[in-house]
Amino acid sequence: MRYAKRTLIGLLASLWLTGLLLAGCGEETPRLAPPGESGTLNVVTRNAATTWYLDREESPAGPEHDLVSHFAEYRGWQVEWAVLDTVADVLQALEEGEAHMAAAGLTHLPSRDARFLPGPSHTAIVEQLVCHREARPLPRSVEQMADVEIRVTADSSYAERLASLANDHSGITFEEDPRTTEMLLAAVAKQEVGCTLADSNIVKVVRRHFPVLEVAMNLSSGDRLGWYLAADQVALAGKAHEWRDTAAADAAIKAMENRYYGYIGEFDFVDLRALNRRIDERLPAFLDAFLKAEHTTGMPADLLAALAYQESHWDPKAVSPTGVRGIMMLTRNTAESLGVSNRLDPIQSIDAGARYLADRHQRLPEEIPEPDRTYLALASYNIGRGHLLDARELARELGKNPDSWDDMQEVLPLKADKRYYPGTRYGYARGYEPVHFVQRIRNYRDVISVALQAGETPLPAP
């Protein structure tokens, strides 16, 4: 880096002038009033799938959003969010007193503990070295990282990790990049960057969209994501830790994990590569039908597309050994009841499948909240309404909540357990199937939704 030369007199004059300007600015910007006084918790975060984002209804969502909202509700506060681009921006805003707290997928680090008050942690993660799967040889040990091109998000925990490794092992170099971790992972997938570091929860979410990403190795263990409080928010830090020790916090964290991560199964390169290819090759031909079905039934087009992919991989001529057929894999009886004359006609099939799912959704009690209502409707689509009603009754008998998908995931498989199904009205059913069915559709829907929002799949002309 080059520095301009200054004379001593010039430097002193500059400092004197700066002092005058600062004195003329008046008092420093006042610090935020504690949320206990104002009733508002000011939180700074960043926009990402693993932190805070707007969902398809343009409502705030994300792991950090949900946890902070639960904490604020517990204390009777409102939340005011400031959404910034990078971790460096988030930490700077917190240091400058623009927020009470940062909740942005931050790893708890000694260097950060020295600048801020550590709040409660909520998610265990591992820092992973991620490269393109075709890069050979992939580094499988720290020693093999020498001379590998590595770029990481600037001012991140990854930069600290690599700086530490570089001190202990010769040949390890890296560059800090202003782009986010998600953007750098995309750059690795496009082979614009050799490798990068990312937290395992981010890799888990992003890798579904870029199956060519490969985890070369884990570089840490025992790390945790959590909140940080401004240095003067001692009382607030205490309240945050107090909340974390409650059963309400445990329930909130469990719900967050189930909502955003629990349905993402083990990485399947072949399956996800096929999905991403078919989004380009097959989905455009049927997208207009999915959008029309959404308009007709209220069932979201991306959900219907994910359901159809689970059923047939968007093959309108698909036929199963059990006799179901078409892009929505309708049974003969279901098709006839919905007025379908040709199950292999994708327009008829998509319309009928959407109406059938909407009927399953409508027949559920109105008090069931979303997204549980949709997941239960999908389970009914798969296993049949009678078996779902059996499972809901069984849930009540077992002290579970029949309106909660988390609880019903545990109860539905009991329809195949001889200790339970003889006492149900409709008897035996492969109750584990709807659980996997819903899990896969949720996973597929995430990938399809991002592709549509990014414009990777062309929308039909209006």
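Residues numbered from 1 in each chain as written. Predicted model: local features only at pLDDT ≥ 70, side-chain atom pairs only at ≥ 80, totals over all residues. Heavy atoms only, no water.

**Q** An account of the state of the cysteines is requested, with residue identities and associated values reported.
**A** A covalent bond between the sulfur atoms of two cysteines is what we call a disulfide. Inspection of every chain in the model, using the stated rule, returns one disulfide. Here Cys 131 engages in a disulfide with Cys 195; their sulfurs sit 2.1 Å apart. Measuring the twist about the S-S bond at about 105 degrees, one finds the Cys 131-Cys 195 disulfide to be right-handed. Of this pair, Cys 131 sits in strand β7 (residues 127-132) while Cys 195 sits in strand β10 (residues 195-199), placing them 64 residues apart in sequence. Look at Cys 131 and you get buried, because its relative accessible area is 0%. When its relative accessible area of 3% is taken as the criterion, Cys 195 is described as buried. (Disulfide = S-S within 2.5 Å. Helix = DSSP H or I, 4+ residues; strand = E, 2+ residues; numbered from the N terminus. Buried < 20%, exposed > 50% of the residue type's maximum accessible area, 1.4 Å probe, protein only.)

**Q** Before we move on, could you go through the packing of aromatic side chains and cite the residues and values that matter?
**A** Across all of its chains, the model carries 12 aromatic pairs by this definition. An angle of 10 degrees between the planes, with centres 5.6 Å apart, marks the rings of Trp 227 and Trp 243 as stacked. Note that Trp 227 is positioned in strand β12 (residues 223-229) and Trp 243 in helix α9 (residues 234-244), a separation of 16 residues in sequence. Accessibility expressed as a relative area gives 2% for Trp 243, which makes it buried. Taken together, the ring pairs connect Phe 71, Trp 77, Trp 227 and Trp 243 into an aromatic cluster. Just above the ring of Phe 267 sits the side chain of Arg 207; from NZ or CZ to the centre is 3.6 Å. (Phe/Tyr/Trp six-rings, centres within 6.5 Å; stacked < 30°, edge-to-face > 60°. Lys NZ or Arg CZ within 6 Å of the ring centre and 35° of its normal.)

Function cannot be read off these values alone, since they describe shape.
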